[in-house]
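Listed here are the chains, written in short residue letters.
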Amino acid sequence: MLRLWLLAAHALRLAGAALPSPGSCTFEDSACGYQWDYAHLPWTLHGEGHYISVDTSYEGEKAVLSSPDLYSEEWSCVRLIYQIATTSDASPDPARLNLYLRQEGGSFDRLLWSTKEPSDSWLIASLDLTNGTNKYKLVLEGEMRQDKSASIAVFEIKITSGYCIECDFEENHLCGYVNRWNPNVNWFVGGGNIQNSQSILPKDHTLNSALGHYMYVDSVYVKHFQEVAQLISPKTTAPISGCLSFYYQLKQESSIVFTVYLRDMSGFYEEIWKTDSALNADWALAEVDFNAPYPMEVIFEVAFNSAKGGYVALDDISFSPVYCSNQTEATFNPANAGCNFEEDLCNFYQDHKDGPGWSRVKVKRNVYRAGDHTTGFGYYLLANTKFTSQPGYIGRLYGPTLPGNLQFCLRFYYALYGFFKMSGILAVYIFEENHVVQEKIWSVLDSPKGVWTQAEISFKKPMPCKVVFVSWCKSFWDCGVVALDDISLSLGSCQAADLLLPTPGECTFEKDECIFTQEKRGRGSWHRKRGPTPTSYTGPKGDHTTGVGYYMYIEASNMVYGQRAYLVSRSLRGASGKQCLTFFYHMYGAGTGLLSVYLKKEGDDEEIPLWRRTGEQSISWLRGLIEYESDANYQIIFEAIRGVSVRSDTAIDDILFQAGPCLEVEEIQFSSGYPDSLNEIEY
């Protein structure tokens, strides 16, 4: 009777699987409500092969496929089974498959995942989607690029509630779990009446039946001491913390070590669980607190010492956002360890026994001394000033306590002022409170003077620690002024952060011109550049993003008075409600002309003026804020007009579109000249 009930339950499970959740599709006889964009290449549905594809048989750059409207108040997992096939060995510009999230009311799609990896068979991608209250669409984009022999196929899209690291191993794709191949020991699928091992294997845990499936590894082919088999989960794609649980069986005739690790993207392993039992004749439940604030993989590892070691079986991996002990663990918010110094020192402090130390200052807008990095108008920290520059002087700025055993990325901006070589006058130390140990992790080399330059440092310490910024005035001849601003801390290594997908609606011009193109109606041109502009006493010395990156500017020496240059965005989706556009502009030079921003709605000839600045503004990058509305699709246009002389270079950088009203008001200073007091530092 029990066996009949189990078979019935299994049949119901399969029947449920036949009714796909909204947004899921196997492309057997239809596209399940997915629609392709007729402005681009067509997708072809192959009912006999159960997939949808695009190739280069048609002329075009890309194909776009969008899902029906989706809605989910629960955490969900998107699994995509796909293949990129090509006959060329190494194309300089290979085909690529992208997956975007299109939020209702947003002008920009958020890139969730992208790949250009070709293969001879299908691959699987697993992506966590956090819960939300807005409708959304999934958008697949196949870019053919320059590979004329490429084709892209999608076999299945499956959306399930829950987390991508969860799995009962009942489906062929095994939820994206993969075995790390070893010549002698590997994880295999067990159950389903599969009899391919010399070990006595259990029934599965999900159905308690021979029909169910699980993963197992045994020692029958072990040839060396400490042979290791690894089963690797999909990478987490959103921060999660809580309780990881799974069921396992272990039969041990000689030493077996069964361990669960977390592995971050830099390859660092952290052990979170190890079996303490030599024999489990039945399925045993294991629970472990789990914290993945940045992308990680879960690795189930079994190490054998002999061919008669026994076996380990694994089933029903699940996750709960509540910690196993039901205790609420205080989560660390990295935002509390950063500061832009606009209001105060945030959670930073000074040891006043060192003397006056760092001073929080503000520079009025001027053409001699740069302002802060945050807005160009605000506050920053200054050390080694006329009040503190004594030989042997040291100023220390302490950050808040950081938890141990987490990977951090520290970023900050610094600027140096002085006439002499100033290497080493600013350093960053890690102070471990329990051991009273300070370790230097960074020090400044000689940098361009007066340019806000970004520094980034990855670090991880086993014990709680603090970040300490140290300025050092070695002697009168080796004591330049040091400025510090916009300290930020994020979880994960800086190298991993650099690999993160771009922020929707952001353009830093580091790789290209993003969504913008030149419009030649004004005969002038915008140029993408790094470093100072060719003409002295005009233009920036470096970009705003890092100090050593790229920005867009007009070169006045190539233009005549009154010539215009236009930088025009592609068509952006209209949205109800207010939108906020943030950007940084640089207008330094005695002959500087005009910089304007316009909005042009689709179907209208009128260009609506949103923002304008005339003449020389500052030697600093200044922040511009524009609040606007457009229900219709629209374009944003940056127009620069060359001024009366060659000292008229105008630049822009770090453009960001955001949904919703601007949270701050732009500081506008209307002045037609520069009185003597404008170069003063305010303490």
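About the thresholds
Residues numbered from 1 in each chain as written. Predicted model: local features only at pLDDT ≥ 70, side-chain atom pairs only at ≥ 80, totals over all residues. Heavy atoms only, no water. Helix = DSSP H or I, 4+ residues; strand = E, 2+ residues; numbered from the N terminus. Buried < 20%, exposed > 50% of the residue type's maximum accessible area, 1.4 Å probe, protein only. Contact = heavy atoms within 4.5 Å. Areas by Shrake-Rupley, 256 points an atom, 1.4 Å probe, with all protein chains shown as cover. Phe/Tyr/Trp six-rings, centres within 6.5 Å; stacked < 30°, edge-to-face > 60°. Pairing = 2+ DSSP bridges. Salt bridge = Lys/Arg side-chain N within 4 Å of Asp/Glu carboxyl O. Polar contact = N/O pair within 3.5 Å; in protein donor to acceptor, adjacent residues only side chain to side chain. Core = buried A, V, L, I, M, F, W, Y, C linked by side-chain atoms within 4.5 Å. Domains from an automatic or database assignment. Axes fitted to C-alpha atoms, helices over the stretch in contact; angles between N-to-C directions. pLDDT = per-residue confidence, 0-100. Disulfide = S-S within 2.5 Å.

Asker: I'm lost on the overall build of the protein in this one. Help?
Answerer: Helices and strands together make up the secondary structure of the protein, namely two helices and 42 strands. Among the 683 residues that make up the protein, the fraction classed as buried is 50%. Sequence separation of at least 24 residues holds for 80% of the intrachain contacts in the protein that already meet a minimum separation of 6. Just so you have it, the protein exposes about 32200 Å², and 51% of that area is on carbon and sulfur atoms.

Asker: Honestly, unusual backbone geometry in this entry has me stumped. Any pointers?
Answerer: Negative phi is the rule for most residues except glycine; trans is the rule for most peptide bonds. A positive phi angle, near 50°, is found at Asp 316, a position not held by glycine. Looking at the secondary structure, you find Asp 316 in strand β20 (residues 310-320). Taking relative accessible area as the criterion, Asp 316 reaches 15% and is therefore assigned buried. With a phi close to 50°, Asp 486 is a non-glycine residue in the positive phi region. Inspection of the secondary structure puts Asp 486 in strand β30 (residues 481-491).

Asker: Any chance you could explain the packing of aromatic side chains here in plain terms?
Answerer: Two measures describe an aromatic ring pair: the distance that separates the ring centres and the angle between the ring planes. Per the stated rule, a full pass over the model turns up 38 aromatic pairs. Measuring from centroid to centroid gives 5.1 Å for Phe 246 and Trp 273, while their planes differ by 85°, and the two rings are edge-to-face. Of this pair, Phe 246 sits in strand β15 (residues 240-252) while Trp 273 sits in strand β17 (residues 269-274), placing them 27 residues apart in sequence. For Phe 246, a relative accessible area of 0% translates into the label buried. Ring geometry for Tyr 628 and Tyr 634: centres 5.5 Å apart, planes at 70°, overall edge-to-face. We classify Tyr 628 as buried; its relative accessible area is 5%. Linked through ring pairs, Phe 341, Phe 348, Phe 412, Tyr 414, Trp 442 and Phe 469 together constitute an aromatic cluster.

Asker: I'm lost on the pairing of strand β25 (residues 406-417) in this one. Help?
Answerer: Each regular strand carries side chains that alternate between the two faces of the sheet. Most of β25 is tucked away, with twelve of its twelve residues classed as buried. The alternating pattern of β25 places Leu 406, Phe 408, Leu 410, Phe 412, Tyr 414 and Leu 416 and Gln 407, Cys 409, Arg 411, Tyr 413, Ala 415 and Tyr 417 on opposite faces, both of which are buried. Examined bridge by bridge, β25 and strand β28 (residues 453-461) share nine bridges and lie antiparallel to one another. Considered in β28, the bridge of Phe 408 is made with Phe 459.

Asker: What should I look at first to understand the pattern of salt bridges in this one?
Answerer: Once the charged atoms of two side chains with opposite charge are near each other, the side chains can pair. Scanning the model with the defined rule gives 15 salt bridges in all. One salt bridge in this structure joins Lys 578 and Glu 629, with 3.4 Å as the shortest N-O distance. Linking Lys 578 in strand β36 (residues 575-587) with Glu 629 in strand β39 (residues 622-630), this pair joins segments that are 51 residues apart in sequence. With a relative accessible area of 46%, Glu 629 lands in the partly exposed category.

Asker: Help me understand the side chain of Asn 184 in this model?
Answerer: Tracing the chain through its elements places Asn 184 in the loop between β11 (178-180) and β12 (188-191). A distance of 2.6 Å separates a polar atom in the side chain of Asn 184 from a polar atom in the side chain of Glu 227. Those residues within four positions of Asn 184 in sequence are excluded, and the remaining contacts are Tyr 221, Lys 223, His 224 and Glu 227.

Asker: Whenever I open this one, the nonpolar core confuses me. Can you help?
Answerer: For soluble globular proteins, nonpolar side chains are generally found buried alongside one another. Membership of the largest hydrophobic core comes to 73 residues, with the highest contact counts inside it found for Trp 187, Phe 300, Phe 412 and Phe 469. Ranked by residues supplied to this core, first place goes to β25 with six residues. Inspection of this core shows a minimum of three residues originating in each of domain 2 (174-320) and domain 3 (334-498). Excluding its chain neighbours within four sequence positions, the residues that come into contact with Phe 469 are Phe 348, Trp 358, Gly 395, Arg 396, Leu 397, Leu 410, Phe 412, Ala 427, Val 428, Leu 484 and Ile 487. Grouped together as the second largest cluster of nonpolar side chains are 33 residues, Leu 127, Leu 138, Val 154 and Ile 159 included.

Asker: What am I meant to see in the sheet that holds β11 here?
Answerer: Within a sheet, neighbouring strands are paired by backbone hydrogen bonds and run either parallel or antiparallel to one another. Spatially, the five strands line up as an open sheet ordered β11-β14-β19-β16-β17, and their pairing is antiparallel. Looking at the sheet topology across the chains shown, the edges are occupied by β11 and β17. Strand after strand, the sheet turns through a mean of 30° between neighbouring axes, direction not considered. Direction of pairing for β11 relative to strand β14 (residues 227-232): antiparallel, over a ladder of three bridges. Of the residues in β14, the one forming a bridge with Val 178 is Ile 232.

Asker: What exactly am I supposed to notice about the pairing of strand β23 (residues 379-383) here?
Answerer: With four of five residues buried, β23 lies mostly within the body of the structure. Alignment of strand β22 (residues 359-363) against β23, held across four bridges, turns out to be antiparallel. Following the sheet pairing, Lys 362 is matched in β23 by Tyr 379. Bridge count for β23 against β30 is three bridges, and the pairing is antiparallel. Bridge pairing in β30 places Leu 382 opposite Ala 483.

Asker: Explain the confidence of the model for the protein here, please?
Answerer: For any part of a model where pLDDT is low, the fine detail of the predicted coordinates should not be relied upon. A residue-level look at the protein finds 87% of positions with pLDDT of 70 or above and a mean pLDDT of 85. In the predicted structure, residues 1-18 sits below a pLDDT of 50 and forms ten contacts with residues beyond four places in sequence or in another chain.

Asker: Can you help me understand the state of the cysteines in this one?
Answerer: Among covalent bonds in proteins, the disulfide is the one between the sulfur atoms of two cysteines. Per the stated rule, a full pass over the model turns up eight disulfides. Here Cys 580 connects covalently by a disulfide to Cys 662, the sulfurs 2.0 Å from one another. Handedness here is read from the sign of the S-S torsion; for Cys 580 and Cys 662, about 105°, the answer is right-handed. One end of the pair, Cys 580, is in strand β36; the other, Cys 662, is in the loop between β41 (650-659) and β42 (681-682), and 82 residues separate them in sequence. By the burial criterion, Cys 580 is buried, and Cys 662 matches it.

Asker: Sorry if this is basic, but what is going on with the environment of Thr 650 here?
Answerer: Looking at where Thr 650 falls in the secondary structure, it is placed in strand β41. Judged by its relative accessible area of 0%, Thr 650 falls in the buried class. The spacing of Thr 650 and Pro 540 is 110 residues in sequence and 8.5 Å in space, taken between C-alpha atoms. Sequence-distant contacts of Thr 650, defined by excluding residues within four places in its chain, comprise Trp 526, Met 552, Tyr 553, Ile 554, His 586, Met 587, Thr 592 and Leu 595.

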